[in-house]
Structure formats: C-alpha cells, structure tokens
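Summary of structural features
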Amino acid sequence: MAITLKEALLGALGQLRWESWHPPCCPRCSDQQLPVPFARRPATSAALAEHAQAPPAAASTAAAPEEGPPGDTEGRGMRVAGGLNWLLQLPRAAQRCSGWCRKEPPTRLPQPGFPGCRSLHGGLMAQYGTEQRGRLHSPEARLYFKNSKGKYISPFHDIPLFAGPNEEKDIPAKRMKLGGSEVILNMIVEVPRWTNAKMEIATKEPLNPIKQDVKEGKLRYVANIFPHKGYIWNYGAFPQTWEDPQHKDSNTGCYGDNDPIDVCEIGSQVRSLGEVVQVKVLGLVGLIDEGESDWKVIAIGVDDPEAQKIHDIEDVRKFKPGYLEATVDWFRVYKVPDGKPENRFAFNGKFKDKAFALDIIESTHEYWKALIHKKTDGGAIKCTNVLVGTSPYCCNENDAQAIVESTPPSEEKHSAAKEVDKWYFLGQ
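What you see is a predicted model; the values in this text were computed from it and never measured.

What follows deals with the confidence of the model for the protein chain. Confidence in the prediction for the protein chain averages 77 pLDDT; 66% of positions are at 70 or higher. For the stretch residues 12-68, pLDDT sits under 50, and the model shows 88 contacts to residues farther than four places along the chain or on other chains. Below pLDDT 50 for its whole length, residues 86-124 participates in 67 contacts with residues either more than four positions away or in separate chains.

So, in structure tokens, the structure goes:
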C-alpha cells in the first residue's frame, strides 16, 4: 500500500522520544529555550529540525524533502527514503548537540534539586585565602584572611554569613538567601576534625585573625577523652554572627558567650584550618558552658557526598547513627580533664530542628549588625573591617595591611604539645 512522505515521517516519529536523544537536564535545552511539554512528548519534525540546527556543527546538512506533484510515485518513494534517512540522522545530531552542551559552561544554574551545580567545584563562590604570621602552636601565631583580590579582611566581619557568587557586594545581607530549597551559609573552620589545638577567631584583635586560645599562660589543647581523638567534627564559626553577652536567651535562660555562633560540620572530609566552607544547616543543640549560652549548630558542607540525602537533624540520626549522641557526650565532658564540672544543656540535650536553628542564627546575625554599626556596646570586641562600608569601624586597605605587617613574620618550625597524644578515661 502506497504511503505519503508525511505518513512515513509521522509513523517513524511516533516511535522516538526526545529524552532518548537529548537529556532534558542539558543547560542549552532548558525550559527557557523549549516549551516544557516538548521534552516530555513526541516531537514534531519541524521542532526537531529547528533544534538540531541550533548548536554549531550539530545539525545535519540534509533537509526535509518536500511533497511532489500527485502521481509522482517514483519521486515520492525517493522522497520517503530520503526523509527517513534525514530522520535517522537526528539522533546522531542530538548526541553531538548533547556533547557540545556539556563542553560549554551552563548559562544558568539548574533549579531542580539541591545542591545541583551550585559551584560545588568552587567556580561561582567567592574565594578566600589565608596568611600565617608567627610560629604555629606558639602564643604569637596568627592566621590572617584575604579576599579574592588578595586584600586583607576580617573573617569575623568581612566574610558574609550568606554564601553567594557576589557575596562581597552584599554586606551586610538584608535577608537570608536560598540555594534551591536550602539556605547556604559560609562557615570558617577554626579546628579541623581529629585535631586538638583550641584555635579560634581572635574577636578582641584588629582584623580578627585565628589564634590558639591561651589559658593561664599556656596554649590550650582539647583533651582526648576515650574513645574520641580531639574534635569529632570540623569545628568553626559562622561569620557576621554574635552571641550578645547583654542578651538573655529565653530558651537557655543564660546570656550570650560574646563569640560568633559555633558550627560542627559533620561531613566526610577533614577540612583545613582557615578554610571557608559553604554549608547547609541541619539543626542545633543548646550548650550552657560555664553559665553562658553557647549554641552549637550542626551543619554539612554542600560539597559533601552525603549532602544530597541529609537535609535535617533526623537525617543525621538515620545516616550517621550515634553521631548526635557522641556530640552531646563530647560537649558534656570535654572540660572535665581540666578539673571543671560537666556542662549542662538547654532542652535536656535534645537537638532542635533546622527551622529552629535558622531562627537562632538570624537573631545572632541581627546582634552582629548592631555591633558592627556601633548600636550596642561591644566592650573589648574589635570591629575593624574593610568591606562593611556603612560601619564606623571600616578602614582602608593600607590600614589593614599595616595591622598584619605589625605582627611577627611566619616561621616554619612548629610542634604541638605532647599532651595531644594522651588519652583520658573518665569514671575511674
């Protein structure tokens, strides 16, 4: 039975689907270029031809043959064969298009799912560096921070709380920003996992470098309490937050500890001292440390392999069983080897969820805003900064450089105290 070219083409097209040729997630073929139904239904020959010709060198040079005059049986047969040949070339053209699209950088970030392509490879986030001064594990050692332009900055005040590609242009941020369905925050790593030196942001020094804490004239190291070795997470702080010592927290009944809010990053990587990590918040626990309110936020780096399946505190229980219980135990007893009593917790040590944690973080960010704009008494806190232009404490780049150069230069030799190898067994 004779068939027309149109029937042959439509019959063949009915067996093919666009997704089998060109994945819908391709950035070139996003829903901004093609109607949504186009990626989910059999395509028309005109639409396929138009798309296959869009990328450079991807489309076939063969054109769809036109209908001939009535009665032209031989010509019609040749045109049917030619049309089918043209149609069969479209999958190869689409494959070439897909390969071309993968080689080109996406013109926009894919929206579905988290984290997607949100610069997990470091392409779109602001970049930070550090410079060591003095000898590591000495009272003089300092780690200063630089922005992407190599200018000295304060990690406490100049690194934004909310992560983003143009984050330095939005200081202080006016509101929380969403990455997909998550709030993405910057965390500053003060203590890498499994290390003991109690490193912290020096809130009472200009530009707030990281230094090792000193108590009673001695460098401070956290004890190894069996079965733990040092810190059991990557420990650090959120920039542009401040637990106000003049504010009595209604949840804990205690005043703030006068520091940025603390973060325990539970990912699989051991981070580096001074690393700035983009994290998503999972929950928190309320520590009462020597009578002060000291929130501990649980978070995970967005570049961690498990970040796509861990979204809230209950996911931590599911995928990392025992980790939260170990966290409470660690904070309860970590000062006991120093002769101090066990710490207490708000809510009897119960972890609160992500929504509660974000509310606490937002409130500490507001306290920081008041601090940096001199609307509250910060006491000995140093608010020297380079990027918060609305702050009365903002200085220029030359002043910042002078602050760093006034400290001892870097020394390579260093060694940690022998006590970092000692294990403590409690309950003897």
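Let us now look at helix H7 (residues 354-372). Taking 1.5 Å per residue, 19 residues should reach 27 Å; H7 reaches 27 Å between its end C-alpha atoms and fits that length. The backbone nitrogen of Ala 355 has a side-chain oxygen 3.4 Å away, supplied by the residue at the start of H7, namely Asp 353. Phi turns positive one or two residues past the end of H7, at Lys 374, with a value near 60°.

Empty space within the largest pocket amounts to approximately 690 Å³. For the lining of the largest pocket, the secondary-structure elements that each account for two or more residues are strand E6 (199-201), strand E11 (234-237), strand E14 (292-301) and helix H6 (323-333). Taken together, the residues of the lining of the largest pocket break down into ten nonpolar, two polar and 18 charged.

For the rest of this paragraph, the subject is the environment of Asp 312. Assignment of secondary structure puts Asp 312 in the loop between E14 and helix H5 (313-319). Sequence spacing of Asp 312 and Ile 298 is 14 residues, and the spatial spacing of their C-alpha atoms is 9.3 Å. A polar contact of 3.2 Å, which involves the side chain of Asp 312, links it to the backbone nitrogen of Lys 354.

Bringing the pairing of E14 into the picture now. Regular strands show a simple pattern: their side chains alternate between the two faces of the sheet. Counted residue by residue, E14 has nine buried out of ten residues, so it is predominantly covered. Two elements, strand E12 (residues 262-265) and E14, share four bridges in a ladder whose sense is parallel. Counted as the bridge partner of Glu 265 is Ala 299 from E14. Examined bridge by bridge, strand E13 (residues 276-289) and E14 share ten bridges and lie antiparallel to one another. Its bridge partner lying in E14, Ile 288 is registered against Ser 293. If you look at the hairpin formed by E13 and E14, you'll find two residues sitting between the two strands, and Glu 290 has a positive phi there, around 50°.

Here the focus is the pattern of salt bridges. As enumerated under the stated definition, the model contains 20 salt bridges in all. Note that Lys 151 and Glu 397 form a salt bridge whose closest N and O atoms lie 3.5 Å from each other. Remark: Glu 397 occurs in helix H8 (residues 397-405) and Lys 151 occurs in the loop between strand E2 (142-146) and strand E3 (152-153); sequence separation between them is 246 residues. Residue classification places Glu 397 among the partly exposed residues on the basis of a relative accessible area of 42%.

What counts as what
- Residues numbered from 1 in each chain as written.
- Predicted model: local features only at pLDDT ≥ 70, side-chain atom pairs only at ≥ 80, totals over all residues.
- Heavy atoms only, no water.
- pLDDT = per-residue confidence, 0-100.
- Contact = heavy atoms within 4.5 Å.
- Helix = DSSP H or I, 4+ residues; strand = E, 2+ residues; numbered from the N terminus.
- Expected span 1.5 Å × (residues − 1).
- Polar contact = N/O pair within 3.5 Å; in protein donor to acceptor, adjacent residues only side chain to side chain.
- 1 Å grid on protein atoms, 1.4 Å probe; cavity = no way out; pocket = protein on both sides within 12 Å on 5 of 7 lines; lining within 4 Å.
- Points joined across faces, edges and corners; volume = space filled by probe spheres on them.
- Nonpolar A, V, L, I, M, F, W, Y, C, P; charged D, E, K, R; others polar.
- Buried < 20%, exposed > 50% of the residue type's maximum accessible area, 1.4 Å probe, protein only.
- Pairing = 2+ DSSP bridges.
- Salt bridge = Lys/Arg side-chain N within 4 Å of Asp/Glu carboxyl O.

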